[in-house]
Structures are given as C-alpha cells and as structure tokens.
Amino acid sequence: MTSATAGGADPAPPAATRRKSVTGTRRTVAVLFLLPCLVLLGALVVYPIGYSLVRSFLNQSGDGFAGVDNYKALFTDDGIRTALKNNVIWVVFAPTVATALGLVFAVLTERVRWGTAFKLVVFMPMAISMLAAGIIFRLVYDQDPDKGVANAVWVGVHDTFAESSAFPKAHPGRQSPLQPDKGGFLTAQPVRAGQSVALPLVGVAPDQMPGSAKKAVRAAVEPGKVTGTAWQDFTRGKGVGRLGQVDPSELGYPGMKVEAVKDGKVVASTKVRDNGTFTLPAQADGARLRLPASNFKEPYNGLDWLGPSLVTPAIIGSYIWMWAGFAMVLIAAGLAGLPRELLEAARVDGANEWQVFRRITVPLLAPVLAVVAVTLMINVLKVFDLVFIIAPGSSQDDANVLALELYRKGFSEDQPGIASAIAVFLLLLVIPVMLFNIRRLRREVRR
C-alpha cells in the first residue's frame, strides 16, 4: 500500500472520468452536440459583425482602404446627424414613457375588479407585428378627419369649443354690392336707416347648405333700423332665377355674422336668421356692412401628425402603444413579489397611498424598472419598421433614425462603407447597455 493510500487520501480519478461533465456526459460528446449551434452562431452573428467591421474601413467599391472616412461621415452627413438626434429623442422618451405607463397600469390593475382583462387588452398589441402596427398607425394619423382617428378626435374636440364656418366657399357673385376686405367682404357704399340691404352670395352648393337654412325672404323695411338679406343667390337650371333678387327656391345663410363698420370700428353687429334676414340698430346708419372673414374660414382639419414637426413624436406614440403592455407585465410580476407586510406597515404608520407608492413600492421595484427601461433602450436603438412604414416620403428625412439610415445608405444610395460604419456604431451603442443589463441580472441572481 502506498503512502497516499495509507494516509486515507482518495486515489486520482481515472482520465475517462475527468472528461465527463456534471451530468455524466463526455465533454467531447457535449461539444459535438453544440457544434451545429456554434456554427450557426458564427455564421449568423460573428461573421457578419467581423465583416461589417472590416467593410467599414474600406471605400465604397470595397477595393481600397478608406481609413476612418466612413466614420467621419457619421458626424458630417446631414441625414446621419438627423438620425442621431432622433435616436437620442427615442432613447430618452420612448423607454421612459413606456416604463412609467407600465408601472401605473401594473399598480392600478391590482386595485380594479377586472384587472386581468385590462392587462390582456393592454398587452394585446405585443401580439401584432411591427409591420401591422405601422400600417394601423399610418391610417390613425391620416390627415383627413374622415379617415384618421387621431384627427377625427382632435377636430371633434376643437369644434366643441370653436365652431367651424358653414360657408367656407361662399363669395359675392356678379354685380354684387360686396367687395373683398381682409378675408371677408364689405359693402361698397354706406347704408342708411330705414333701408333694406341685399347681400347676395354664391359658391355653396344647395345640398351643402346647413340643415337650418330656410327659404330666403326679402327683409321688410323698419324705421330707424338697417335691415337686409344675406342669401344664396343661385337657382338650379339655365335661365332660372333673377340676379340680385330673392327667388322662391333660394336659401338664406343662417348664423352668418354681419357687422356695421364706421371709420374702421365696428359699431353694431348681428347674425343672420334662418331665412337670411337680419336687423341692425340705428347705430348702423351711415356705416358700411361687413361680412367678416370668420364667416368664410376653412373647416379645421386637425394636426399634421406626419408632418416634419410631429412625425417623430407620433411614431414614438405608436411604439409606446405596443410596448407599454410588455413593461406592465414585467412590472406586475415584480409587484407580485413585494413583501406585503412592508406596505401594510407603512399604511398602519399613517402613510397615504401616494407616499406608499413613492417611498416603498417604487424603490423596491427599482431593479425591475431598470431591467425594463434598459431592455427598451436596446430595442429603440434598433427601431426601423415603424419609422419606415409610418413616416411618408415627404417627412421620412425628418423622422430618420440610425437603423433606417443604415438601410438607405446600404440599399438605396449604394454606400456600403458608410452603412457598415453605422452598423458598427449601433453595435457600440448597444454593447454598454447590454453589459449593464447583464451585470444587473447577475447581481439579482446572487441575491
């Protein structure tokens, strides 16, 4: 017996045993099973990264060394600088708002009876592809209120407080006593008390007249007052109707505003009745009558959601619609694991719900909130589909982001060197965020 054996030490394990993993599988066998995955990983991830890195230092044709010229273009090309600026906006606002909404939804759904159903509805957009979501929101943001939901709501709210004119196309016809004046119309001559004034207009189709419009009548003369008629001086049919005179089939302009103006000041005003007649007091004597521009303003058509100034916030809104449900589900899972005794103890000590939320719930959820926010940051750095689909061609330059600019440089403008430089730059932006997320996850596992 050797001394090692005599001393009670275990003999060295056989070589075959040392080559086995904890599951008893030989390491060589495990490597063989992993080899297809490693080949795919190398072909689909490692090789493209390496090739993009090398290609970013070559000229556009790929047969010459360009140094860092392609990387200089990242900070000198106007399109790329716009994309950088928009990516900063995306990274700052999209994850922050989506995470905040997810937190609010997760907390509130714990307190409502139908919380599960609400979570399902909020999470449902995650089941929709980016392509489908882009098409949906391209329609939502349509400029025409009859098609776009956003403008339909916006116009409805606007018209509740500021009614649009019913006569945007109305204007004086031939031989009219009215002449243009600052978007409205003004009588060429002053009017006198005891006089009935005719204010004929054309330009509104009979079927587009307001429903309250009635057959126009000539206003009766009233002593000491100025009366008149504002009506649609048009009768269908050739040779039918008399120019400048009220005919039986012609309609009045209900609600149209009439002002009496002296020396540039309004001395009296009134609105036209349903039959087109109106009456002004004695102060209108010697004044000129004006139909102000407010009678003829175009109907409010809403906001240009996909115009240069609003296209990026509009697209961010569609992204938040999709990803707020993702944030809510993760935060709700974290919320379910909070120690309830801490929350109840705070309430017993007199803290209100806002104090409990701000001083206990949010700090305890900080790790989960950080993971959600960082995950969304990585996601928005690569956003492409929504911007490409929602932004129309006229404002796509204003909505540009790095991923879209990479596509445009690589495929539309045939500049693969710059496209590769953008790809490497995006990778460099994503790596620190990924490392931060991995380190935080490892710390959570150790706990």
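Residues numbered from 1 in each chain as written. Predicted model: local features only at pLDDT ≥ 70, side-chain atom pairs only at ≥ 80, totals over all residues. Heavy atoms only, no water.

**Examining the pairing of strand β2 (residues 184–187)**
Alternating residues of β2 divide into Gly 184 and Leu 186 and Phe 185 and Thr 187, and every residue in both groups is buried. Of the pairings in the sheet, the one linking strand β1 (residues 178–181) to β2 comprises four bridges and is antiparallel in character. From the neighbouring strand, Asp 181 faces β2, where its bridge partner is Gly 184. Once β1 ends, the chain turns through two residues before running back antiparallel as β2, passing Lys 182 with a positive phi of about 50°. (Buried < 20%, exposed > 50% of the residue type's maximum accessible area, 1.4 Å probe, protein only. Helix = DSSP H or I, 4+ residues; strand = E, 2+ residues; numbered from the N terminus. Pairing = 2+ DSSP bridges.)

**Digging into helix α9 (residues 311–336)**
For α9, with 26 residues, the first-to-last C-alpha span of 38 Å sits near the 38 Å given by 1.5 Å per residue. Burial runs high along α9: 19 of the 26 residues are buried. (Expected span 1.5 Å × (residues − 1).)

**Focus: the pattern of salt bridges**
Side chains that differ in sign of charge can pair as their charged atoms come close. All told, the structure shown has 15 salt bridges when counted by the stated rule. With a shortest N-O distance of 3.1 Å, Glu 344 and Arg 347 are connected by a salt bridge. You can see Glu 344 and its partner Arg 347 sitting in helix α10 (residues 340–348), three residues apart, about one turn around the helix. For Arg 347, a relative accessible area of 26% puts it in the partly exposed group. Put simply, Lys 409 and Glu 413 hold a salt bridge, and the shortest N to O gap is 3.1 Å. The buried category is assigned to Lys 409, whose relative accessible area is 4%. Among the residues examined, Glu 413 registers a relative accessible area of 36% and is labelled partly exposed. Overlapping salt bridges, with partners in common, bring together Asp 77, Glu 405, Lys 409 and Glu 413 in one network. (Salt bridge = Lys/Arg side-chain N within 4 Å of Asp/Glu carboxyl O.)

**Some points on the sheet that holds strand β7 (residues 277–280)**
Taken in spatial order, the three strands of this open sheet run β3-β4-β7, and their pairing is mixed. Whereas interior strands pair on both sides, the edge strands pair on one side only; in this sheet they are β3 (196–201) and β7. This sheet shows a mean twist of 25° between the axes of neighbouring strands, independent of strand direction. As paired elements, strand β4 (residues 226–232) and β7 share four bridges and run antiparallel to each other. Looking at β7, one finds that Val 226 is bridged to Leu 280. (Axes fitted to C-alpha atoms, helices over the stretch in contact; angles between N-to-C directions.)

**Structural notes on a positive patch on the surface**
A grouping of Arg 439, Arg 442, Arg 443 and Arg 446 is seen on the molecular surface, where their side chains present a positively charged patch. Structurally, Arg 439 is set in helix α15 (residues 416–446). Since its relative accessible area comes to 57%, Arg 439 is described here as exposed. (Patch = residues over 30% accessible without salt bridge, like charges linked within 9 Å, V, L, I, M, F, W, Y side chains within 5 Å. Areas by Shrake-Rupley, 256 points an atom, 1.4 Å probe, with all protein chains shown as cover. Lys, Arg positive; Asp, Glu negative; His and termini not counted. Charge placed at Lys NZ, Arg CZ, Asp CG, Glu CD.)

**Side note on the packing of aromatic side chains**
Tallied over the full model, the rule gives 18 aromatic pairs. Judged by centre distance (5.9 Å) and plane angle (35°), the ring pair of Tyr 141 and Trp 305 falls under tilted. Residue Tyr 141 is found in the loop between α7 (130–140) and α8 (149–161), and its partner Trp 305 is found in the loop between β8 (288–291) and α9; the two are separated by 164 residues along the sequence. With a relative accessible area of 10%, Tyr 141 lands in the buried category. (Phe/Tyr/Trp six-rings, centres within 6.5 Å; stacked < 30°, edge-to-face > 60°.)

**Describing the nonpolar core**
Of all hydrophobic cores here, the largest spans 45 residues; its most connected members are Trp 90, Tyr 141, Ile 315 and Tyr 319. Mapped by element, the contributors of at least two residues to this core are α5 (78–109), α7, α9, α12 (366–381) and α13 (385–390). Sort the elements by how many residues they give to this core and α9 lands first, with 15 residues. With residues near it in sequence (within four places) discarded, Tyr 141 still touches Ala 150, Trp 305, Leu 306, Ala 314, Gly 317, Ser 318 and Ile 390. Ranked by size, the runner-up nonpolar core spans 26 residues in total, among them Val 191, Ala 260, Ala 268 and Val 272. (Core = buried A, V, L, I, M, F, W, Y, C linked by side-chain atoms within 4.5 Å. Contact = heavy atoms within 4.5 Å.)

**Things to note about the sheet that holds strand β5 (residues 257–262)**
The five strands lie next to each other as β1-β2-β8-β5-β6, forming an open sheet whose pairing is antiparallel. Because the sheet does not close on itself, it has two edges, and the strands there are β1 and β6 (265–271). Within this sheet the neighbouring strands show an average axis-to-axis angle of 30°, counted without direction. Pairing geometry for β2 and β8, over two bridges, is antiparallel. What sits directly across from Leu 186, in β8, is Arg 290.

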